[in-house]
Amino acid sequence: MRRTYWAAGTAVLLALVFAVAATVAAANGSSGAGTAREQRTPALYSPDAGFARDMAVHHQQAVEMSFIVRDRTQDEAVRNLAYDIANTQANQRGMLLGWLDLWGLPKVLADEPPMSWMSTGGGSGGGGNGNGHSGHDMGGVTAKPGALMPGMATKEELAALGAAQGRDAEVLYLQLMTDHHKGGVAMAQGCATQCRTPAERTLAQGMVDAQQSELTLMADMLRQRGAAPRG
């Protein structure tokens, strides 16, 4: 258990290091030796911008759930995991929103359905959609009824988490966060393949690595509590 938790913590730390370096590089205009096309400001409906907008929302719910469970249990392992997730995803969310500001793009688009960037693949420069990408397969991960995006919890599930205590809160949190990470990994893999900004691709791959490690950890923690991931 300790070895698994150490591995997950290391993956989280590496993701943060990569993300900070990527943000500094992007701000300095030196995010890698990519082509001129890769260095152009992303378009409004590009995968780069769409991922930043959607993942910022996705991350916000993970932070919210982590703060909820912190007050519903005294279990040290769950509280440590919740702290790591909240801290990491709050930092990454700030980076994503910062990039949108840097690019001069809105953080919310009323006419953009969630996840549309994964199927359309808008261009990195100029305006409009259609840069030749065929989109990214979510691997069967879909949004449940009442949830905004794949992996996200519904209002009813959040209310149930807020009403639970002790082991019940721990199990529900681990199950909800497992679903959340599966959706997040699929989204981040989409950006790692479709996004044109090198710094953002680096951040997305860091998310994939860290969250996959945490999925292994959460499966172990559920098993210790006589439970299992849902579905």
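Just so we're clear, the structure is a prediction, and the values are computed from it rather than from any experiment. (Residues numbered from 1 in each chain as written. Predicted model: local features only at pLDDT ≥ 70, side-chain atom pairs only at ≥ 80, totals over all residues. Heavy atoms only, no water.)

**Side note on the state of the cysteines**
Phase 1: In the structure shown here, the tally under the stated rule is 1 disulfide.
Phase 2: Across a sulfur-sulfur distance of 2.2 Å, Cys191 and Cys195 are joined as a disulfide pair. One disulfide, between Cys191 and Cys195, carries an S-S torsion of -120 degrees and so falls in the left-handed class. Comparing Cys191 with Cys195, the two get one shared label, buried. (Disulfide = S-S within 2.5 Å. Buried < 20%, exposed > 50% of the residue type's maximum accessible area, 1.4 Å probe, protein only.)

**What about the packing of helix H3 (residues 47-70) against helix H4 (residues 76-103)?**
Phase 1: Running from N to C, H3 and H4 point in directions that differ by 155 degrees, and their axes come no closer than 8 Å. Taken together, the axes of H3 and H4 lie roughly antiparallel to each other. H3 and H4 meet at a crossing whose hand is left-handed.
Phase 2: Here the residues of the contact of H3 with H4 sort into 17 nonpolar, 5 polar and 5 charged. (Axes fitted to C-alpha atoms, helices over the stretch in contact; angles between N-to-C directions. Helix = DSSP H or I, 4+ residues; strand = E, 2+ residues; numbered from the N terminus. Parallel < 35°, antiparallel > 145°, perpendicular 65-115°, else oblique. Left-handed = near helix turned anticlockwise from the far one by under 90°. Nonpolar A, V, L, I, M, F, W, Y, C, P; charged D, E, K, R; others polar.)

**So, H3**
Phase 1: In this model, H3 (24 residues) spans 34 Å end to end at C-alpha, consistent with the 34 Å of a helix rising 1.5 Å per residue.
Phase 2: H3 sits mainly inside the fold: 19 of its 24 residues count as buried. (Expected span 1.5 Å × (residues − 1).)

**With respect to the nonpolar core**
Phase 1: Ranked by internal contacts, the top residues of the largest apolar core, which has 49 residues, are Phe51, Met65, Leu81, Leu96 and Tyr173.
Phase 2: For this core, the secondary structure elements donating two or more residues are H3, H4, helix H5 (116-120), helix H6 (155-163), helix H7 (166-194) and helix H8 (198-224). (Core = buried A, V, L, I, M, F, W, Y, C linked by side-chain atoms within 4.5 Å.)

**Some points on the pattern of salt bridges**
Phase 1: All told, the structure shown has 10 salt bridges when counted by the stated rule.
Phase 2: Salt-bridge contacts for Glu157 lead to Lys144; the nearest nitrogen and oxygen are separated by 3.1 Å. Residue Glu157 is located in helix H6, and its partner Lys144 is located in the loop between H5 and H6; the two are separated by 13 residues in the primary sequence.
Phase 3: Glu157 sits in the buried class, given a relative accessible area of 15%.
Phase 4: A salt bridge links Arg167 to Asp168; the shortest N-O distance between them is 3.8 Å.
Phase 5: By sharing partners, the salt bridges in this structure join Lys144, Glu157, Asp179 and Arg230 into a single network. (Salt bridge = Lys/Arg side-chain N within 4 Å of Asp/Glu carboxyl O.)

**Focus: the packing of H3 against H6**
Phase 1: The geometry of H3 relative to H6 is characterised by a closest axis approach of 9 Å and an angle of 25 degrees between their N-to-C directions. Judged on the interaxial angle alone, H6 and H3 are roughly parallel. Of H6, the residues touching H3 (which contributes Gln61, Glu64, Met65 and Ile68) are Leu158, Leu161 and Gly162.
Phase 2: Of the residues that constitute the contact of H3 with H6, the class distribution is 4 nonpolar, 2 polar and 1 charged. (Contact = heavy atoms within 4.5 Å.)

**Quick word on the environment of Arg223**
Phase 1: Within the secondary structure, Arg223 sits in helix H8.
Phase 2: By relative accessible area, which is 53% here, Arg223 ends up exposed.
Phase 3: With 52 residues separating them along the chain, Arg223 and Val171 place their C-alpha atoms 9.6 Å apart.

**Some remarks on the packing of aromatic side chains**
Phase 1: Under the counting rule described, the total for this entry stands at 2 aromatic pairs.
Phase 2: On the basis of an interplanar angle of 80 degrees and a centroid distance of 5.7 Å, the ring pair of Phe51 and Trp117 is categorised as edge-to-face. Here the residue Phe51 occupies a position in helix H3, and Trp117 occupies one in helix H5, the gap between them amounting to 66 residues. Accessibility assignment for this pair places Phe51 and Trp117 in one class, buried.
Phase 3: Relative to Trp103, the ring of Trp99 has its centre 6.3 Å away and its plane inclined at 15 degrees; by these criteria the two rings are stacked. One end of the pair, Trp99, and the other, Trp103, are both in helix H4, 4 residues apart, so they sit about a helical turn from each other.
Phase 4: Classification of Trp103 as buried rests on a relative accessible area of 13%. (Phe/Tyr/Trp six-rings, centres within 6.5 Å; stacked < 30°, edge-to-face > 60°.)

**Overview of the confidence of the model for the protein chain**
Phase 1: Averaged over all residues, the pLDDT of the protein chain is 83; the fraction at 70 or higher stands at 74%.
Phase 2: Scored below 50 in pLDDT, residues 27-38 makes 16 contacts in the model with residues more than four places away or belonging to other chains.
Phase 3: Segment residues 121-135: pLDDT under 50, and 41 contacts once partners within four positions in sequence are set aside and those in other chains are kept. (pLDDT = per-residue confidence, 0-100.)

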